[in-house]
Amino acid sequence: MVNRMINNKLAIHGGDKIIKNPFVKYNSLGAEEVEAARKVVESGVLSQFIGADDKDFLGGEKVKEFEELCKNYFNVKHVVSVNSWTSGLIAAVGAIGIEPGDEVIVPTWTMCACPTSIVHWNAIPVFADIESETFNINPDSIIKNITYKTKAIMAVDIFGHPSNMKVIREIADKYNLKVISDAAQSPGSKYFNSYTGTLGDIGGYSLNYHKHIHTGEGGILVTNDDLLAERLRLIRNHGEAAVNGYDIKNIENIIGYNFRLGEIECAIGIEQLKKLKDLVDSRIRIANTISSELKHLDGLQLPIVKENCTHVYYSYSMKINITEIGVERSQIANALAAEGLDGVAEGYANLHMLPMYQKKIAYGSSGFPWNSELSRKDVNYNKGICPIAEELHDNSLLSIEMCMHQLNDHDLELLIKAFKKVWGNLDKLK
Ligand SMILES: *Cc1c(COP(=O)(O)O)cnc(C)c1O
């Protein structure tokens, strides 16, 4: 009895902590990747791209094999591998023909590379609010933000839950907009019968080491549009030097870069892709266990999964009803951290609040591209434009960063115990 009471004292108040040894870091790599990489190194060919009209314009053997496998896996017509998903986003915005001063609507909750890929083309990101349930871009807010300058929507499957693509597509068709689908956090997730990422004009995935599968750095672009695929391939590989050979008449935004992914990364990517389904399934099983164990905790709204959607839990994001439980989020987060739980995050960045947008300073010091004569002058980044995202960030969103750890059953048990212990002691945190 005495023992139980001691054990039950919160670690933040001097009690024993629940998690004594840090969880093992997430690692999706194994012997197959080692072997695949070794073979490439032994071949001596680490890349075979040539940035000119040449038979090697589309890269070497592993690049082509990886792209072919991705094509079959995601069931798309074209795959273009790139050296990061940031590069992929830049190529996508360029390929759809965004011009200086054009506006692209992007959710305020995403990775910063989404809006910067727009600014990259001297275009203007317009931040939309999110849905309070899925945390994805809010269709009502998209409509509210459409202006005569709007050319595209960037939909991001934040935390691993698919965006509301049917409604987004309807809006896009009505206003003649292109859709870019950022599925960096939702590879292997399904929306109705399609993989996320495949329902935009262009979509894709990140292969950065934080993601479900990775090659260290890398990205995958997908599209079913022949012309867009060609434009993506040109932007990936010094297109200006190759357009003649490809008989390209429309050269707008065909400014070439080196966004090429190497042979080693593609060889590793081939092995990683084979593991994607199991990794995703295991992530879902872990999240479902957490949900079934935490569902009775007061004032805690667990992640919801919309009908015909798979949530692949890049992050397990919850909402705390502060007024109901009478404890600040930070006290809960601190109490969980004291119990030894690493990777609990409060809120999520509201990108419209970044200094770059608050000050409207990107290229040079004069305010370009916002001050360009091509840009609409009253683009608004004030606090208050995304009330749902702002409230969640300021007060109520609490996430377990699922991409950080490789949770086994014992870890999972401890994680759940830590939550239950903190919730059992809420009155002591007031
Ligand atoms: C990780 C991520 C990116 C950027 O991908 P990189 O491969 O790291 O460049 C873009 N968008 C979202 C939503 C991401 O999570």
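Here, the structure is the one placed above.
Below, the structure is looked at part by part. (Residues numbered from 1 in each chain as written. Predicted model: local features only at pLDDT ≥ 70, side-chain atom pairs only at ≥ 80, totals over all residues. Heavy atoms only, no water.)

Across the sheet, 4 strands lie side by side as S10-S11-S13-S12; this open sheet has antiparallel pairing. The sheet terminates laterally at strand S10 (300-301) and strand S12 (344-346), the two strands that pair on one side only. Pairing analysis gives 3 bridges linking S12 to strand S13 (residues 397-400), with the strands arranged antiparallel. Its bridge partner being in S13, Ala345 is matched across the sheet by Ser399. The sheet strands contacting helix H12 (residues 329-338) are strand S11 (316-320), S12 and S13, and the helix crosses S13 at an angle near 20°. (Pairing = 2+ DSSP bridges. Helix = DSSP H or I, 4+ residues; strand = E, 2+ residues; numbered from the N terminus. Contact = heavy atoms within 4.5 Å. Axes fitted to C-alpha atoms, helices over the stretch in contact; angles between N-to-C directions.)

Attention now moves to the layout of surface pockets. Which parts of space are left empty comes out when a probe the size of a water molecule is rolled across the atoms. Considering only enclosed or pocket space, the largest pocket measures out at about 470 Å³ in volume. Around the largest pocket, the lining is made up of 28 residues, and of these Met111, Gln185, Lys211, Tyr314 and Tyr348 lie nearest the centre. Contributions of two or more residues to the lining of the largest pocket are made by helix H4 (85-95) and helix H5 (113-119). Examining the composition of the lining of the largest pocket, we find that 3 residues originate from one element, H4, more than from any other. (1 Å grid on protein atoms, 1.4 Å probe; cavity = no way out; pocket = protein on both sides within 12 Å on 5 of 7 lines; lining within 4 Å. Points joined across faces, edges and corners; volume = space filled by probe spheres on them.)

Moving on, we come to the sheet that holds strand S4 (residues 150-156). Read from one edge to the other, the open sheet built from 7 strands follows the order S1-S9-S8-S5-S4-S2-S3, with strand pairing classed as mixed. Two strands bound the open sheet, and with one partner strand each, they are strand S1 (78-82) and strand S3 (124-128). With strand direction ignored, the average angle separating the axes of adjacent strands in the sheet is 20°.

Moving on to empty space enclosed by the protein. A complete count under the given rule lists 3 cavities of 30 Å³ or more for this structure. In this model, the largest cavity occupies a volume close to 70 Å³. In this structure, the largest cavity is lined by Glu133, Thr134, Phe135, Ile158, Phe159, His161, Pro303, Ile304, His311 and Ser317. Residues belonging to the lining of the largest cavity are distributed by class as follows: 5 nonpolar, 4 polar and 1 charged. One number sums up the size of the second largest cavity: a volume of about 50 Å³. Taken together, Phe23, Leu341, Asp342, Gly343, Ile400, Glu401, Met402, His405, Leu407 and Leu415 make up the full set of residues lining the second largest cavity. In terms of residue class, the lining of the second largest cavity is built from 6 nonpolar, 2 polar and 2 charged. (Nonpolar A, V, L, I, M, F, W, Y, C, P; charged D, E, K, R; others polar.)

Tallying each qualifying case throughout the model produces 19 aromatic pairs. For the pair Tyr357 and Trp370, a centre-to-centre distance of 6.0 Å together with 85° between the ring planes defines the contact as edge-to-face. Highlighted residues: Tyr357 in helix H13 (residues 355-358) and Trp370 in the loop between H13 and helix H14 (387-396), separated in sequence by 13 residues. Across the pair, Trp370 and Tyr357 agree in class, each one buried. By way of ring pairs, the aromatic residues Tyr73, Phe74, Tyr195 and Tyr205 are connected into one cluster. The lysine or arginine in question, Lys166, covers the ring of Phe192, its NZ or CZ lying 3.5 Å from the ring centre. Here the basic side chain of Arg283 rests over the ring of Tyr26, its NZ or CZ set 5.0 Å away from the ring centre. (Phe/Tyr/Trp six-rings, centres within 6.5 Å; stacked < 30°, edge-to-face > 60°. Buried < 20%, exposed > 50% of the residue type's maximum accessible area, 1.4 Å probe, protein only. Lys NZ or Arg CZ within 6 Å of the ring centre and 35° of its normal.)

With that out of the way, let us pick up the pattern of salt bridges. Counted under the stated rule, the structure contains 22 salt bridges. One salt bridge connects Lys71 with Glu68, and the closest N-O pair in it is separated by 3.4 Å. Here Lys71 pairs with Glu68, and both are found in helix H3 (residues 61-74), just 3 residues apart, close to one helical turn. Accessibility expressed as a relative area gives 39% for Glu68, which makes it partly exposed. Note that Asp201 is salt-bridged to Arg169, the shortest N-O span being 3.2 Å. On the criterion of sequence distance, the pair formed by Asp201 in the loop between strand S7 (194-195) and strand S8 (202-206) and Arg169 in helix H7 (residues 165-175) is long-range, its members being 32 residues apart. (Salt bridge = Lys/Arg side-chain N within 4 Å of Asp/Glu carboxyl O.)

Further remarks concern helix H2 (residues 31-43). The end-to-end C-alpha distance of H2 is 18 Å, a good match for the 18 Å that 13 residues give at a rise of 1.5 Å each. The set of residues buried in H2 consists of Glu33, Ala36, Ala37 and Val40. Take H2 and look down its axis: the buried residues cluster within an arc of 95°, on one side only. Opposite the packed face of H2, turned more than 90 degrees from it, sit the exposed residues Ala31, Val34, Lys39 and Glu42. Turning to H2, the residues buried within the fold contact H3 and helix H10 (263-294). In the stretch just after H2, Gly44 is the one whose phi turns positive, near 80°. (Expected span 1.5 Å × (residues − 1). Arc of directions from axis to C-beta.)

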